[in-house]
Every structure is written in C-alpha cells, then in structure tokens.
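So you can see what is in the structure, the chains are spelled out below.
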Amino acid sequence: MNPFVLFLIYLYTCVFSPVTGYPNGKVTSACRSMRPDHGHTPQADPIHSINVDKTIFNPGDRIKVTLSGSRFDGFLVEARDAENLNGSAVGSFSLTDKRISQLLTCDGIQNSAVSHTSKERKLQVEFFWVAPANSPKHIQFLATVVQKYKIYWVKIPGPVISQPNAPSVPLKNPSSMITVVLPSASLHKRFSSAGCGSSKFCIRNPVSCDPEHNPECFFLSFRKHGQSVLVEMTGPGQGNISFVLSHDQWMVRLLSFLHFAGKST
C-alpha cells in the first residue's frame with residue numbers, strides 16, 4: 001500500500017478516534033472531572049438516581065450501590081469525601097456483573113471507580129463500595145450517565161453516608177448556594193392551601209387549616225417553580241418565621257421550623 005495512504009490511516013486513527021467517545025468504558029482520563037469528552041453541554045436535571053443499602057458505615061464495610069433510571073449507554077461512578085467533592089476518589093469497588101461494569105484506577109487508587117464495558121443499553125447497574133481504613137467521616141456518591149452521545153449528565157449527586165456519630169456535613173458558602181427572592185406582588189394577599197398534597201407540600205397547624213380563610217393558621221408550603229423552589233410561610237402573632245435546608249442520609253431535604261413568640265410547632 002502507498003506509504004502516504006498508510007500515514008493518513010494512522011493519522012485518522014490517532015487523531016479522530018477519541019472524539020467518538022469511550023464505548024468500552026476506559027475513561028480514566030475523566031476520573032477527576034467525570035466529564036465525557038463529547039464536546040456537548042451536560043443536561044441540567046438528572047433523570048437517574050443512586051441508591052445505597054445503608055447510610056451508616058464503618059471502615060471495611062461493603063455498601064451496595066445501585067444506579068438506575070431511564071435507559072443509558074455509559075456511566076462512571078465514584079465515591080468522594082462529602083466535604084471535598086472536588087477531591088480524589090475514595091475507597092474501592094467490587095463488581096456484581098463483570099459483563100456490564102468494570103473497575104478503574106483513578107488518582108492512583110486501584111478500583112476506585114466503576115464504568116460500563118460496552119454501549120449496551122441499561123436500566124440499572126449494581127456494585128459494592130468498600131470503605132477504606134482511613135475513610136472520611138462522610139462519603140457522597142457521584143455518577144456521570146451517558147444516555148446518548150450528545151445527551152449526558154455529569155456528577156449526579158447521590159446519597160451521603162456517614163460513620164457512626166459523625167457530625168453533620170457543613171454547608172460550604174451557603175450564601176452562594178441559596179438565593180432568596182421575595183415576590184412582593186404575592187405578599188399583598190393571603191396564602192392559600194389550594195394545591196396542598198398535589199402541586200405543593202404543606203405543613204399546617206391546626207391540621208388542614210387554610211390561611212386564606214383562617215388568620216390563626218400556622219402554614220408552610222413549598223413547590224417547584226421553574227428552576228427554583230417557592231416557599232410560603234405565615235402565622236399569627238409576633239415573632240420570626242424560618243426554615244432550614246438540612247442533609248439527611250439519603251438526600252438534601254427541607255426541614256421546616258415555625259417559631260412564633262417563643263412557641264414552636
């Protein structure tokens with residue numbers, strides 16, 4: 001064969017092949033960023049989830065990890081220090097099915113990540129995470145999922161698991177994470193319990209009261225509003241109304257506390 005033709009074939013193989021992605025799951029180059037080299041923008045709202053079989057662990061424990069959701073081609077799962085999610089992978093994994101998943105070495109730590117073995121479509125994958133002897137107090141699982149070449153999600157947050165009696169995970173720069181917007185137009189009318197249990201979550205005292213018609217109703221509601229959460233709070237008397245965002249062992253959830261003139265409900 002003409003040497004020039006051989007050179008072109010070699011050049012094509014070396015230069016253009018990586019752009020096609022990693023259907024074999026050998027994605028160690030993406031360990032730190034967990035971002036596929038696909039040249040497209042990641043999706044914003046995850047449709048896949050990570051679940052674990054227990055939320056309290058000791059060094060040496062094996063935690064069953066399940067990634068599931070709409071059919072997907074590829075994935076990358078790591079465990080990281082929940083207080084330093086930009087750090088290195090933590091611990092090691094073991095497989096339940098070597099046909100669909102494989103172990104990777106990230107940041108020099110053997111078996112510290114799991115990825116796919118082929119583009120065969122999947123609904124669910126399972127494996128075990130083994131806590132190292134020097135494990136951080138809190139671990140969070142992260143997943144990147146590729147549904148199609150141009151459709152993927154990066155660092156989908158999974159559950160936080162903790163060692164026994166570990167203090168809560170501190171929030172980092174909460175002011176940069178939460179923006180409070182007061183829609184002044186809605187403050188000129190009473191809040192309503194319409195939609196409670198269907199379009200919004202509500203906490204009420206007395207039970208089932210409606211603040212629109214009962215000025216003695218202690219009321220808190222929240223619902224999705226575009227890319228934000230709309231919160232309504234009202235109650236009788238003097239005092240403050242507050243709510244907090246708190247980590248539990250499965251997800252970030254909304255815990256509400258209503259304080260009125262020294263009373264709590």
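Refer to the preceding data block for the structure.
So, a few notes on the structure that sits alongside this text. This is a predicted model, so every value here is computed, not measured.

## Some words on the overall build of the protein
- A tally of helices and strands in the protein yields two helices and 15 strands.
- Each of the 265 residues in the protein was classed as buried or not, and the buried ones make up 35%.
- The long-range share in the protein, meaning contacts at least 24 apart out of those at least 6 apart in sequence, stands at 56%.
- In the structure as shown, the protein presents an accessible area of about 15600 Å², 55% of it carried by carbon and sulfur atoms.

## With respect to the nonpolar core
- Judged by nonpolar contacts, the single largest core of 24 residues is most densely connected at Leu67, Phe75, Phe127, Trp129, Ile139, Phe141 and Ile161.
- Other than its neighbours up to four places away in sequence, Phe75 contacts Leu67, Ile100, Ser101, Val114, Ser115, His116, Lys122, Val125, Phe127, Thr144 and Val145.
- One finds Cys31, Leu76, Ala89 and Cys106 within the second-largest nonpolar core, a separate group that totals nine residues.

## Things to note about the packing of aromatic side chains
- Evaluated as defined, the whole model comprises six aromatic pairs.
- Centroid distance Phe72 to Phe75: 6.2 Å. Interplanar angle 90°. Geometry classified as edge-to-face. The same class applies to Phe72 and to Phe75, which are both buried.
- With a centroid separation of 5.7 Å and an interplanar angle of 90°, the aromatic rings of Phe93 and Phe127 are classed as edge-to-face. With Phe93 in strand β4 (residues 92-95) and Phe127 in strand β7 (residues 122-130), the pair connects residues that are 34 residues apart, well separated along the chain. The exposure classification of Phe93 matches that of Phe127, with both residues buried.
- Each member of the aromatic cluster is reached from another via a ring pair, and the members are Phe72, Phe75, Phe93 and Phe127.

## Looking at the sheet that holds strand β8 (residues 138-148)
- The five strands are arranged β5-β6-β3-β8-β9 in an open sheet whose pairing can be described as antiparallel. Either end of the sheet is taken by a strand with one partner, and the two such strands are β5 (101-106) and β9 (151-162). With strand direction ignored, the average angle separating the axes of adjacent strands in the sheet is 30°.

## A word on the state of the cysteines
- Scanning all chains against the criterion turns up three disulfides.
- Each sulfur of the disulfide joining Cys31 and Cys106 lies 1.9 Å from the other. Across the S-S bond of Cys31 and Cys106 the torsion is about -60°, and the bridge reads as left-handed. Here Cys31, found in the loop between α1 (3-16) and β1 (48-52), pairs with Cys106, found in strand β5; they are 75 residues apart in sequence, far enough to count as distant.
- Among the residues examined, Cys31 registers a relative accessible area of 4% and is labelled buried.
- Residue classification places Cys106 among the buried residues on the basis of a relative accessible area of 1%.
- Covalently, Cys196 is tied to Cys202 through a disulfide, its sulfur atoms 2.0 Å apart.

Conventions and cut-offs
Residues numbered from 1 in each chain as written. Predicted model: local features only at pLDDT ≥ 70, side-chain atom pairs only at ≥ 80, totals over all residues. Heavy atoms only, no water. Helix = DSSP H or I, 4+ residues; strand = E, 2+ residues; numbered from the N terminus. Buried < 20%, exposed > 50% of the residue type's maximum accessible area, 1.4 Å probe, protein only. Contact = heavy atoms within 4.5 Å. Areas by Shrake-Rupley, 256 points an atom, 1.4 Å probe, with all protein chains shown as cover. Core = buried A, V, L, I, M, F, W, Y, C linked by side-chain atoms within 4.5 Å. Phe/Tyr/Trp six-rings, centres within 6.5 Å; stacked < 30°, edge-to-face > 60°. Pairing = 2+ DSSP bridges. Axes fitted to C-alpha atoms, helices over the stretch in contact; angles between N-to-C directions. Disulfide = S-S within 2.5 Å.

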